[in-house]
Amino acid sequence: MTRFDTTVNGTAHVAEVDGHESAVEVIRDQFGLTGTKLVCGGGVCGACTILIGGEPTASCLLPATSLRGTEVTTVEGLGGSGDSGAPSAARLHPMQRAFLAEDALQCGYCTPGFVMGAAAFHDRWRQEHGTAEPDRHTIAEALAGHLCRCGAYEGIYRAVAAACRGDHDHDGDEPDRVAARVDGPDKVTGRAIYTTDVTLPDMLHGALRRSAIAAALVGRIDRSTAAVAVDLLGDDRRVRWAGQPIAAVAAETPSEARRVAAELDIEITPLPFVIDPEEAKKAGAPLVHEDRRARRNAPSAAEGPVLPATWDGNRRNSGTVPFRGMAAKRRVRRARETGTGTLVELELSTAPQLHSCFEPHACVADWSDPARLRLWVSTQAVDHTAHSVAEHFGIDEADVEVVADNVGGGFGSKVSLGTEIIAATELSRLSRRPVKLVLDRHEELTGTGNRPGSRMAISMLADDDGRELQALLVDVESHAGVGIGNVVGALAMLVYERSPRLAHDYDILTNGPPGSPFRGPGGPITAWALEQAIDEMAHRLGQDPIALRQRWDGNERRGALYRWAAELPVWRARPVAGAQTGRFRRGVGVAAANWFYFVDPDSEVVVSVEDGRLVASTASQDMGTGSRTVVARAVAEVFDVQPTEVEVRLGRSNATTIHGPTSAGSRTTVSLWSATTDAATELRREIGGSVSAAANGTSATARRGGDRGIRAVPITVAGIQIGRGFSGAVHVSEVEVDTRTGRTRVLRVHGGIAVGRIHAPELARSQCEGSIIQGIGLALYENQVLDPHTGLTLTANLEDYRIPQLGDTPEIEIHFEEAGWDHVPGGGVGLGEVATISPAASIGNAIHNATGWRATALPVRPDRMIEALSERPSVPSAPSRGAGR
Amino acid sequence: MSGITFLTSADLPPGVEGVVRAGGTDLQERLRTANATPHILDLTGIDGYTSVDRDDDGTRIGAGTTIATVARELSDDYPALAATAGALATPQIRAVATIGGNLAQRTRCWYFRHPHTACLKSGGDSCPARGGRHLYGVVFDTSACVHPHPSSIAMALLIHDAEVALAGGQSRSVAEVLGDGVDPTRDNQLGDGELLTAVLLPAPWPDERAAYHRSISRFEAEWPLVEAVCRVRLDDGGRVADCGIGLGGVATVPLRMRAAEDLLRGSTLDDDTIASASAACTQRAEPLPETGYKVPLIEATVREVLERVAADQA
Ligand SMILES: Cc1cc2nc3c(=O)[nH]c(=O)nc-3n(C[C@H](O)[C@H](O)[C@H](O)COP(=O)(O)OP(=O)(O)OC[C@H]3O[C@@H](n4cnc5c(N)ncnc54)[C@H](O)[C@@H]3O)c2cc1C
Ligand code: FES
Ligand code: FES
């Protein structure tokens, strides 16, 4: 052991290390400064940034011993220390205030690191340039070592520019007043506690042993080398994908736990497996789910319940949606044979996209008191988790508490009872000690779910003038690894209505990691096919793609968006497809989106007065979407106070809390807003307008309930009811393609969103901007790559799994159409998913507009662009009829 | 045996064995992934380790000099090297990573770094990338290993005819230290425990024109698909008196493009010369099934740097 001195935030510390440790471990685990986050562990994301002598440094790769004798600043000390030497909450660095005011964050997990890097840039910039405003390029270069998965990049640009201009110099700003989000002040100072930051006395650390091979039968697990170990396999003892957890162990330190897990002696009999979906379809391919029982237990990539289906080997028929389907098929066949009408036929493919939440899946379980199970979980569903944990462990729900004060992103991957929860709980039960289990980035990017890849074929038939859509056929094979329940093609049936149409959805099972719900499950994939097909149709017909959609799309809300989009200067000035011959080619594309309106009518909110303060609570959570702020604002509106005067208690489910919605299916805001308003109104009726200690103890509870008038599907399944009406979005994107190096840059995106009334405009805008950023990732960079021979995930780090950077952010304008949702209490529905569907497709169409080449395979990487452009001469592509399959 | 020894001289004390560590930006990630706790030999306290010294014959850059320092302090006399340094990784990494560590870093192949698989560089008996996925692999297929060498700095040093000083006093050319890349088990020809103490650059070229470019999919901070660096010295008639073109991301060692250099020497930097020099860089390319795109990309990347150098002259 080596001991050394270092000064952190003005306070002397002594560290004790072995030698191989990184600085982040010492700062978090020994000094307890958990504002510094560990995300990629590879120097890519900057979440672990600290200042050493004022220089930003990635502490995940910095040897701990390099802290020897240095002056370190962490986010907790960024604003300087008060006289007492302790960091004072009131003193913030101008950059922290700027992040608050410009809403430069969502989940906040990247925020401490970003703030540190940006503050250092600010200090240097101000010294050299005074209050001149740095341009976006300069900011992006300076912060190239930072990533934000939520995609709060627009806000970050604004914040950095504003702070450098000197807009936030005044120490007098009260952070709470300027903050767009009520939890912002905790997040920019590193005070916000996430599950990964929880430390309990006497706590053990857990680690998972994962399978290195894609299929196996597991025999005896020798647990004698581990103090505590649990077996995680089902009765069938089968491993079905490389990376699947087999067992979990607990030890005194994380690295000890990892060592013990790696050394567990496990009897493993390899079984045949199949990784390539095309191979998996062939007769005689190894069966991924070998019998009915296995098929019944297959993990689901769907957000709701999965309906029973027919199987044919590794092919599962997950649904056929016909509307005069035979007519549709007949018409397309005839068009192929006779060449009449305008027939667009495309074959497309998409690649698996990883959620890559910045806070990894994590759980701290404390079952040291057998009568009470307490869990800290990084989850988008505290209430549902409490329920499923109680069910899984056969205990009373009243004895379970689930806490998720802050959640560093979920995007759909944190809705179910994950292995980390089951393993930590079981380890705690056995050891009678608290156990913490945090996945590392490698695990996070391998086995916590993905937006499944797919292969699609679409046929779209119109008459010669495009007056009428005559037939639409969509065939989709989804590749969710061992997972099932993908619905993609069916979604394409809902947009351009009235024509004969037919969709087939199949799951092709392979021994790959399971897919899971990801923001608008199926939606962006559907759009990649449908919206490119209609674009191609417009191109062949020589018509305006927006005008064609206006003719075929009966949705009035989208109608308003089309009118808005058609008037955008960038749209009106768009080039003729494929007409450019220079090195850099610009293009503009449009795509539309359609999504459901989901609500959880059983959601409840209680508003009360405690210690003379307004308190609102419900068993929901804020994973960066802003639900805490939305609830605060709803109460504040009723009482005419500042949102920061309302204390919002979310992220907790226990015997005393009431039911709150899961943050998935875009249902949180729409489930909470009116219930909060109703409860607050009721309370106000009881206590009058002024809140004082005299009212302490009064409270009112309201349930969301259904909508006015009829509902589309009046049954609630798994906390979801499908409400009446579809939400809509339209995206117009401008790209620039470098035909030499194959790189595509997105320059500008206009996003039109029709979800009715917007309750918290800055936050809503941020959500929509983040959707665009993730759409850019899907379109251009992101791809989980598996080794074809072993099924191992090769892109299990943030270097090889490429998510969009600050410098990839286009200029973004978000436009809201607020009409059309009067039947919904509060006047608006959720937007987290509808906003995520059309960005990638609009980029595909813009690429076609720029180059004349129709990109069918996602992501449109430089290699694909180069190969495509070297095959085609650079002449304008003449509108042509009929394309063979 | 875990623990740490802080070295104060490049000569290892007798009996001390372990893994040398400079900035740690490569090593720490590998240790974490492998959950390894070897004995560490920390280089950061070695005398003269971080200094940059110039004299008439050239420049000595201590092995512990950071990439950021190289980018900042050598931009006047060695612009090609400085531009290469300034474009790699991220500002935070450049502030810590050392030039010695950059030369000695291990491959970034996704099989090599994967905890559940072995390759020729990690004790395995075959290259899983060759028959597996190698989208970022080599174009010049000269080794059983198919992942490109990671060092951008080595590429730039090659076209400077640079040498490295080793502990014990000898020096070797960078080209020798890199070797021919044929041995699939190694990233360089340094012996076990052989320490780099400095990089030695010959005297700078007066009026060097230089350009660096990396072709990537995103804005920045991404390993190059292909990277190229070029330095040119013109005579009074505007003809190329001397030049160097380095290419990275394409072979198990960075390459110097001698054939293209020969085409440039004695010519003006006109479009035709640039086109033929760029095309010459793809001679003998033997792409793998997934790296065919890199052939046109080599040409595009070299053309990019040559055009920039030519424009500089106007
Ligand atoms: C996100 C990211 C992107 C990157 N992009 C690039 C890029 O585009 N181009 C590029 O070139 N690099 C890139 N790098 C790699 C980076 O430049 C290297 O990690 C760094 O230069 C290594 O230097 P270090 O001092 O940190 O070495 P360390 O991590 O300390 O050591 C690296 C290796 O070299 C050995 N070593 C160190 N010093 C010596 C010495 N004096 N003598 C002998 N052996 C020694 C060590 O034992 C170890 O095996 C990137 C890194 C990251 C994290
Ligand atoms: S955690 Fe250190 S850079 Fe990502
Ligand atoms: S706010 Fe940046 S990762 Fe969530």
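Residues numbered from 1 in each chain as written. Chains lettered and ligands numbered in written order. Predicted model: local features only at pLDDT ≥ 70, side-chain atom pairs only at ≥ 80, totals over all residues. Heavy atoms only, no water.

(A) Region of interest: the sheet that holds strand S9 (residues 238-239) of chain A. Residues and elements named next belong to chain A. Spatial ordering of the open sheet is given by S9-S7-S11, a layout of three strands whose pairing is antiparallel. Taken across any chain shown, the strands that pair with only one partner, and hence form the sheet edges, are S9 and strand S11 (265-270). Here two bridges tie strand S7 (residues 216-222) to S9, and the two strands are oriented antiparallel to one another. Note that in S9 the partner of Ala216 across the bridge is Val239. (Pairing = 2+ DSSP bridges. Helix = DSSP H or I, 4+ residues; strand = E, 2+ residues; numbered from the N terminus.)

(B) Examining the pattern of salt bridges more closely. All names here are of chain A. A complete count under the given rule lists 85 salt bridges over all chains for this structure. Arg126 is the partner of Asp169 in a salt bridge, and the nearest nitrogen-oxygen pair spans 2.7 Å. One end of the pair, Asp169, is in the loop between helix H5 (153-165) and helix H6 (175-178); the other, Arg126, is in helix H3 (residues 111-129), and 43 residues separate them in sequence. Among the residues examined, Asp169 registers a relative accessible area of 32% and is labelled partly exposed. Measuring nitrogen to oxygen at the nearest pair gives 3.0 Å for the salt bridge that ties Asp236 to Arg240. Residue classification places Arg240 among the buried residues on the basis of a relative accessible area of 10%. (Salt bridge = Lys/Arg side-chain N within 4 Å of Asp/Glu carboxyl O. Buried < 20%, exposed > 50% of the residue type's maximum accessible area, 1.4 Å probe, protein only.)

(C) Highlighting the nonpolar core. Phe99, Met460, Ile753 and Leu798 of chain A are the most contacted members of the largest nonpolar core, which totals 149 residues. With ten residues, helix H15 (residues 523-541) of chain A is the single largest residue contributor to this core. Phe99 of chain A has contacts with Ala104, Leu105, Thr111, Phe114, Val115, Ala118, Ile156, Ala159 and Val188 of chain A, leaving out every residue within four places of it along the chain. Leu74, Ala80, Met155 and Ala277 of chain B belong to the second-largest nonpolar core, a separate cluster that totals 95 residues. (Core = buried A, V, L, I, M, F, W, Y, C linked by side-chain atoms within 4.5 Å. Contact = heavy atoms within 4.5 Å.)

(D) Local environment of the sheet that holds strand S12 (residues 255-256) of chain B. Residues and elements named next belong to chain B. The strand order across the open sheet formed by four strands is S9-S10-S11-S12, and the pairing between neighbours is antiparallel. The open sheet is flanked by strand S9 (209-215) and S12, the only strands paired with a single partner. Both S9 and strand S10 (residues 226-234) contribute to a ladder of seven bridges, which runs antiparallel. Within S10, the position partnered with Arg209 by the bridge is Val232.

(E) Quick look at the site of ligand 1. Lining the immediate surroundings of ligand 1 are 33 residues, of which Val20, Ala22, Gly23, Thr25 and Thr98 of chain B lie closest. More than a single chain frames ligand 1: its nearby residues are located in chains A and B. A distance of 3.5 Å separates an oxygen atom of ligand 1 from a polar backbone atom of Ala104 of chain B. Leu196 of chain B places a polar main-chain atom, nitrogen or oxygen, 3.0 Å from a nitrogen atom of ligand 1. Protein burial of ligand 1: of its 980 Å² of free accessible surface, 96% is covered by the chains. Mapped onto the shell around ligand 1, the elements with two or more residues apiece are strand S2 (19-21), helix H1 (27-34) and helix H5 (99-104) of chain B. For the shell around ligand 1, the leading source of residues is H5 of chain B, giving three residues. Residues that form the shell around ligand 1 fall into these classes: 16 nonpolar, eleven polar and six charged. (Near = heavy atom within 4 Å. Polar contact = N/O pair within 3.5 Å; in protein donor to acceptor, adjacent residues only side chain to side chain. Areas by Shrake-Rupley, 256 points an atom, 1.4 Å probe, with all protein chains shown as cover. Nonpolar A, V, L, I, M, F, W, Y, C, P; charged D, E, K, R; others polar.)

(F) Region of interest: empty space enclosed by the protein. By the definition in use, this model includes nine cavities of 30 Å³ or more. Its volume calculated, the largest cavity comes out at about 500 Å³. Lining the largest cavity are 34 residues, and of these Thr625, Thr669, Gln767, Leu831 and Gly832 of chain A sit closest to its centre. Mapped onto the lining of the largest cavity, the elements with two or more residues apiece are helix H19 (627-639), helix H20 (668-687) and helix H21 (761-781) of chain A. The greatest single-element share of the lining of the largest cavity, amounting to three residues, is contributed by H21 of chain A. Looking at the lining of the largest cavity residue by residue, the class counts come to twelve nonpolar, 17 polar and five charged. In this model, the second largest cavity occupies a volume close to 280 Å³. In terms of lining residues, the second largest cavity is bounded by 22 residues, among which Arg108, Tyr136, His147, Trp223 and Pro224 of chain B are the most central. Its residues assigned to classes, the lining of the second largest cavity shows ten nonpolar, five polar and seven charged. (1 Å grid on protein atoms, 1.4 Å probe; cavity = no way out; pocket = protein on both sides within 12 Å on 5 of 7 lines; lining within 4 Å. Points joined across faces, edges and corners; volume = space filled by probe spheres on them.)

(G) Inspection of the packing of aromatic side chains at higher detail. Residue and element names in this part refer to chain A. This model, assessed by the stated rule, comprises nine aromatic pairs over all chains. Centroid distance Tyr109 to Tyr194: 4.9 Å. Interplanar angle 85 degrees. Geometry classified as edge-to-face. Placement of the pair is Tyr109 in the loop between helix H2 (94-101) and H3 and Tyr194 in the loop between helix H7 (184-188) and strand S6 (204-210), with a sequence separation of 85 residues. Where Phe114 meets Tyr153, the ring centres are 6.5 Å apart and the plane angle is 65 degrees; that geometry is what we call edge-to-face. Of this pair, Phe114 sits in helix H3 while Tyr153 sits in helix H5, and the two are 39 residues apart along the sequence. Tyr153 carries the same exposure label as Phe114, and that label is buried. Counting every residue linked through ring pairs, the aromatic cluster contains Trp595, Phe596, Phe598 and Phe726. For the cation-ring pair, Arg315 lies above Tyr506, with the distance from its terminal atom to the ring centre recorded as 3.9 Å. Cation over ring: Arg574 sits above Trp571, and NZ or CZ is 4.0 Å from the ring centre. (Phe/Tyr/Trp six-rings, centres within 6.5 Å; stacked < 30°, edge-to-face > 60°. Lys NZ or Arg CZ within 6 Å of the ring centre and 35° of its normal.)

(H) Here's a closer look at the domain arrangement of chain A. Residue and element names in this part refer to chain A. Taken as a whole, chain A is organised into domain 1 (2-192), domain 2 (204-271 + 361-438), domain 3 (536-593 + 723-871) and domain 4 (598-722). Averaged C-alpha coordinates put domain 1 and domain 2 at centres separated by 32 Å. Taking both partners together, domain 1 and domain 2 bury about 440 Å²; carbon and sulfur atoms supply 65% of that area. Taken together, the links from domain 1 to domain 2 amount to zero salt bridges. Counting across the domain 1 and domain 2 interface gives zero residue pairs in polar contact (both at pLDDT 80 or more). Looking at the side of domain 1 that touches domain 2, its residues break down into four nonpolar, no polar and three charged. (Domains from an automatic or database assignment. Buried area = accessible area lost by both parts, 1.4 Å probe.)

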